[in-house]
Amino acid sequence: MKKTVLAHTLSLVFATGALVMGDALAQSNAAGNIYGRVDAPAGTTILLTNTDTGLKRTLTPGADGQYTATAMPIGHYKVELQKDGQTVGTVETDVLVGRGVEASFANGTQSVQVTGRRVHLDFSSADNGATFNAKQLDSLPIAQNLAAIIQLAPNTTRADPRYAAGASMGGGGASENAYYVNGFPVTNPLTQLGSSDLPFGAIAQTQILTGGFGAEFGRSVGGVVNVTTRSGTNDWEVGAQFSIEPNSLRAKQRDVYYAHTGDPANVDTDGKLYALNHLNTDTTRKYGAYVGGPIIQDKLFMFVAVEQTKQDTGKVGQTSDSVTSVDNGWVTDKNTTTRYLGKFDWNISDNHRLEWTTIGDKPVTDETLSGFDYSTLSRVAGSGATAHYESIAGQTPTVGARTNILKYTGNLTDNLTISALYGKSRTNHVSALGGYDPTMPQITVTSTGSAPGITYNSNQPFTGSIAATNSTDEVTSQRFDLNYQYGKHTIKAGVDNNKLSSFNAGESTAGGVQWYYDHTTTPNSPITLNGYSTTVASGGGLGTQGYYVSKRIFNDLTSAFSDQSAQYVEDSWQVNKDVTLIFGLRDEQYKNKNGLGQTFLKMDNQLNPRFQMVWNALGDSSLKVFGSAGRYSIQIPTHVAVRGASVSTLTRQYFTYTGVDANGVPTGLTAITPVTSSDNEYGQAKLYQTVAAQNLKPSYQDEATIGFEKAWSQDLNFGVKATYRKLQSTIDDYCDQRPFDTWAAEHGVDTSNWGGFMCASINPGRTNDFLVDFSGTGKNLTKVSLTAAEMGLSDAKRTYAALDFFAEHPMRNGWYGRINYTLSRSRGNTEGQTLSSVAQTDVGATETWDHREIMENSDGLLPNDRTHQIKAFGVYEFNQQFSVGGNLLIASGQPETCLGNYPADLQASDPGFPDYGSSYHYCGVNGANVVAQQGSAGRLPWDVRLDLDFVYKPEQVKGLSFKIDVFNVFNKQTLQQIDQTYNTTSGSISPTYGTAGAFVGYTAPRSAKFTVEYNHKF
C-alpha cells in the first residue's frame, strides 16, 4: 500500500512537470544488453537473432523467469520465446550501445512490443547522459564531429575556445573526460584534450555519459564519450556523399575592437580596431563514400568508409599592434583531413565473434604567410613563408591518429561471456617550416612599447612557440572483461592496461629568442619585473623615458611516458522484479615517466566504490526511480613530464636600450635585472625523485545522483535528475621556494650548494613530503615535510550541483523532439587540470597552485559555470520526401575574473615573492590593487544559437537526398572569450583587458552547407 501511494505521488509530481532531461542509460560498454522476464518459464528458452547478421544466441530463463543477454552487438533483434520447439511469443527490439532493452513475456506471449522508438525505459542501470544513433545524428543540423555530438547532451558546455579540443562535462575540466571507439581509448594521450575522430558516416551510435557510470569506466571526473562504429550486414549497401559550405553564403565575421579601459595610458587604443576579421574567407568541401556487406553470408562481414574534408581559408593572422603584420599578417591555409574506417566482423560461431577495426584520422595544414597592412586594411606581399603541419594542436583542424583494434567476444556458457581487446594507435606530428631561420629572433612590441622615432622591424615570420619538426604519440591498450549470470546476480569484472608514449614532445621559442618591448609611465619608480625589483630609468638610454625590453627564452622539448592500469568488479542484483541494486568497485593505478624513462610520479590503489539503485516504481515499466553514488578518479596527463620532470628553460632578462638594428634586435643594451626565471627553469636537469611529493594521494571526486523518468504515453517521456559532485583531492604543481628556505633555516641545513627549488606535483591543502637535493650532489636527498599551512595553501575546492529536466516525444507520427533544461552551479578555487582564464596548456601543471598568493581570493564561480542551459532539437517529416530539423541552444554566459598584479605593498614586504605578473585576484593600477574575487567580474552575454536543416528525398530516385544546413540562423556572433588579465608589467591597465579574443572571441558567423547523398541497399 505504501509503495502504491508513493508511486502514484511520484507520477502526479511528474504530471505537473513541464520539462524533462537526459535518459538513464544501461551498462556502459561497446555493446548492449537484452533482458526480461517470462511469467511461465518452465520448459522455455529465449532465442535472440540479430536480423542484420543472423547471429543467434539461446538462453534459458531462471526459475524466477528472469533472463539477461549481455555483450550483445548493437543492432536490430528478434526475441523469440520458445516452448517444445515452437515459437510462442515474439518481440523485436534495437540494442543500443551501453543500454539495456527489455523484452518480457506474460503467460507465454509478449507483454510489450519494444521497438527502437525507446518508449520503454531501461531498468538495468542508473547511468545518465544520452545516446544518439546514426539516423538521429543524420537528421539534425550539427557539425559532423564528436565535439558537436557531445554538446547535444545535458550537463555539457564548450571548453574555452583557445583550447585546441575538449569539452566541460558535469562541471569538469576540458582534459578530464575519457573517449572510446569500439572499446579502445582514443583520448589525446599527451594532454587529454579531446580525441582522434573517425568518418562521421561510420558512427553507428554515440553514448555520452555525464555521471553515474559504472565501474567498468574510469579515468574521468568529467564524462565519457563511447562510440560504436557501423558494421557490415547480410545485405550489401553502398553510399556516397558530397557537401560544400561556401564562403559566399558565410556571414562576415565580427571585427574586434579594444575595450574601453579608461586608463590614460591607453588613449591610443581604447575603442580602436584590434583585430580585423570581416575579410576572412572560408570554403569547406567534404567527400565521403562507404561500402558494406557479407563476405560470407551469416559469417564474415565488412564495412569500409572513407571521408576527406578540404577547407580553404584566408584570414588576418595578426592584431593591429603587431610589428610583424606587414610580413606575416595574412594567413592562407589549405586544410585537408582524411579519415577512414574499416570494420571486419567474423562470427566464428553463434557463440564466438572476432572483430577488427582500423581507423585513420590525418589532419594536414599547408600554410602560406603573406602581409597585411592595418594602415590601409589591405593585403601586401609579406614574407611568403610556408609551413606544413600534420596533427599539430592549434595549427591543424584537429589532432588525429592511426588506430587498429582486435576484439574477441565469447559466450562460453549461457551464463558466462568474456571479451578480450588489444589495440594500438599512433599519431605522427609534423611541423615543417619553410624559410624558417632558427637564429632570427622574434620581435614583439606592446601597444605602448614603441619609442618615438624607432622603427621595429621583424624578419622572423613565425611567432610564439613552435613544435619539434617531428614527434610521435603512441598508445597500446589491452583489456579483458567477463559477464557472469548467477541467479539474481549479474557479475561483471575486468582489467585493462594502457601504455602511453610521447616522443619529442613540447615546444620552443620560434627563432630561439623573443625580444619583447614594453613601457612604463613611471620610469623613476621601482617596478617588479619577473620577481626582481628595479628602476627602469636607472639603465639610462630610452629607459629614462620608460622604454625597456626583455629577452625571453622558452624550451621544453623532451619525451614523456605513462603506464595506466585498472581492475573492476560489479554486481547487479535483481532484488525482485522491480528493484535492482548495483555494487561496484574500481581500482586504478598509473605512473608517469620522464624522457629517460624514470618514474617520477606513481599512484597505486585508487579505490573507487560505485553504487546504483533502480526501482520500477509502478511495476509496469512506466516510472523509473534511480540513484547513484560513487567515487571517480583521474590520472595526471603524460604532458606533465614535459616541463615538470624534464629539462626546461623559461627565462627573462630586462634591459634598457638606445636603438634597434635592421632585424629589430635592440642595441645599446644595459641590463636592469639579471637573468630571471619565476619557476627556476634555467635549463638544468631535474632529479626525478624531487619533482613530485612522495606521499601523493589520488585526484578524485565524489558524486551522487537521484532522478525519475516517466513514460507517460507512447508520445511522451519526461523526467528530472539531480547531480552533486565534489572534488575531494587534486594534483597540480607547486613552485614556491620560500617554505623550503624557511625549513632549511629552522633545521640548520646548509643550502650553499643547492640549485634551488623548481616545481613539484603536490596535493594542495595536505601535508606533502618532498625530497630535496640540498647538498647539490644528486645523492643523499633530504626529506622535507611541509604542512598545508607552511605552504600557504587551502584545500582544493570544486563543487558542481545541477538539476536536469527533460521532455521527449519519440519518433512517432512523423516527428521527434527533445528539450533539456539544466539549472547548475559550479564554484570553488580550482577549475581542475586546466586554467581557462589564461588558457594555459600545461594541463595538470597550471599556475593555479604555484604559490600561496595565486590562491588568495580564488574561491568563487568557475569558468565552466552556466547557470541556465536549454538544449532543444528534433525533426519533423512533412511526408516521405520532405523534412526539417532544428537544434537550439540558449545558455547563460561564462563568469569572468579580473586577474591583476599583486599589491605593491604586499610585494615589498616579501623580498622572495615569485612575481607572476597579472595573475592574482587583485585589480587596480600602479600597484594599488584591491581584492577581485574569482568569478566576480561579471558574465559574458547569453549564448543563443539556432541551427536548421531542410531535407528533400525525391521519390523518383530511392536513396537520393538533398540537404541544406543553416548554422547560426540569426547570425548571433556571441562573445565567448575575453582577456581577463588586468595589468601591464608597469601596473597600468592592460589595453586588451576586457577585449574579445582576437580571432576566437566570438562564436562563428552564420553559414550554410549543401549536401547531396546517395545510399543504396541491395
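Residues numbered from 1 in each chain as written. Predicted model: local features only at pLDDT ≥ 70, side-chain atom pairs only at ≥ 80, totals over all residues. Heavy atoms only, no water.

Looking at an unreviewed UniProt entry, the protein chain carries the name TonB-dependent receptor plug domain-containing protein, with the source organism given as Duganella guangzhouensis. Its UniProt record, at the heading Subcellular location (unreviewed entry), says of the protein chain: "Cell outer membrane". (UniProt positions renumbered as here; feature names shortened; annotations may be inferred.)

Draft legend 1. Seen up close, the sheet that holds strand β3 (residues 44–50). Pairing is antiparallel in the open sheet, where four strands are placed in the order β4-β3-β6-β7. Two strands lie at the open edges of the sheet, namely β4 (56–59) and β7 (86–95), each paired on one side alone. With direction set aside, neighbouring strand axes in the sheet form an average angle of 20°. (Pairing = 2+ DSSP bridges. Helix = DSSP H or I, 4+ residues; strand = E, 2+ residues; numbered from the N terminus. Axes fitted to C-alpha atoms, helices over the stretch in contact; angles between N-to-C directions.)

Draft legend 2. Inspection of the packing of aromatic side chains at higher detail. Throughout the structure, instances matching the rule amount to 34 aromatic pairs. Note on Y902 and Y922: the rings are 5.3 Å apart at their centroids and 85° apart in plane angle, and the pair reads as edge-to-face. Placement of Y902 in the loop between β56 (882–891) and α9 (904–908) and of Y922 in strand β57 (residues 922–923) is noted, with a sequence separation of 20 residues between them. What makes Y902 buried here is its relative accessible area of 6%. By way of ring pairs, the aromatic residues Y734, F740, F757 and F770 are connected into one cluster. Directly above the ring of Y516 sits R552, whose terminal nitrogen or CZ lies 3.8 Å from the centroid. (Phe/Tyr/Trp six-rings, centres within 6.5 Å; stacked < 30°, edge-to-face > 60°. Buried < 20%, exposed > 50% of the residue type's maximum accessible area, 1.4 Å probe, protein only. Lys NZ or Arg CZ within 6 Å of the ring centre and 35° of its normal.)

Draft legend 3. Region of interest: the domain arrangement of the protein chain. Domain annotation for the protein chain reports domain 1 (1–26 + 297–436 + 466–486), domain 2 (31–102) and domain 3 (128–229). Counting residues at the interface gives 16 residues for domain 1 and 15 residues for domain 2. When domain 1 packs against domain 2, the two sides together hide about 1300 Å² of surface, and 43% of this comes from carbon and sulfur. Seen at the junction of domain 1 and domain 2, the total is zero salt bridges. (Domains from an automatic or database assignment. Contact = heavy atoms within 4.5 Å. Buried area = accessible area lost by both parts, 1.4 Å probe. Salt bridge = Lys/Arg side-chain N within 4 Å of Asp/Glu carboxyl O.)

Draft legend 4. Structural view of the environment of T822. Relative to the helices and strands, T822 is located in strand β53 (residues 815–828). Sequence-wise, T822 and A722 are 100 residues apart; in three dimensions their C-alpha atoms are separated by 9.7 Å. Setting aside its immediate chain neighbours within four residues, T822 contacts P154, N155, Y800, A802, L803, D804, T867, H868 and Q869. For T822, the side chain forms a polar contact with the side chain of D804, separated by 2.5 Å. (Polar contact = N/O pair within 3.5 Å; in protein donor to acceptor, adjacent residues only side chain to side chain.)

Draft legend 5. Molecular detail of the nonpolar core. Formed by 36 residues in total, the largest nonpolar core has its most connected members in F132, L137, I142, I149, I203 and I208. Looking at which domains feed residues into this core, each of domain 1 (1–26 + 297–436 + 466–486) and domain 3 (128–229) supplies at least three. Those residues within four positions of L137 in sequence are excluded, and the remaining contacts are F132, I142, I149, L152, F200, I203 and T206. Counting residues in each nonpolar core, the second largest holds 27 residues, with V784, A796, I854 and M855 among its members. (Core = buried A, V, L, I, M, F, W, Y, C linked by side-chain atoms within 4.5 Å.)

Draft legend 6. Structural detail: the UniProt feature "domain: TonB-dependent transporter Oar-like beta-barrel" (unreviewed entry) in the protein chain. Within this numbering scheme, the UniProt entry marks residues 334–590 as carrying the feature "domain: TonB-dependent transporter Oar-like beta-barrel" (unreviewed entry). With 0% helix and 66% strand, residues 334–590 has end C-alpha atoms that lie 40 Å from one another.

Draft legend 7. Fine view of the confidence of the model for the protein chain. For the protein chain, per-residue confidence averages 93 on the pLDDT scale, and 96% of positions sit at 70 or higher. Throughout residues 1–28 the model reports pLDDT below 50, and contacts reaching past four residues in sequence, or to other chains, amount to 116 contacts. The model gives residues 108–119 a pLDDT under 50, and that stretch makes 42 contacts with residues more than four places away or in other chains. (pLDDT = per-residue confidence, 0-100.)

Draft legend 8. Representation of the state of the cysteines in the model. Counted under the stated rule, the structure contains two disulfides. Between the sulfur atoms of C735 and its disulfide partner C759 the distance amounts to 2.0 Å. One disulfide, between C735 and C759, carries an S-S torsion of 115° and so falls in the right-handed class. Remark: C759 occurs in the loop between α6 (738–746) and β49 (760–762) and C735 occurs in the loop between β48 (732–734) and α6; sequence separation between them is 24 residues. Side by side, C735 and C759 carry an identical accessibility label, which is buried. The disulfide that involves C898 links it to C923, with 1.8 Å between the sulfurs. One quick way to see it: the torsion about the S-S bond of C898 and C923 is about -120°, and its sign makes the bridge left-handed. (Disulfide = S-S within 2.5 Å.)

Draft legend 9. A look at the environment of F480. Mapped onto the fold, F480 is located in strand β31 (residues 470–486). With near-sequence residues (within four places) excluded, F480 lies in contact with I418, S419, A420, A493, G494 and V495.

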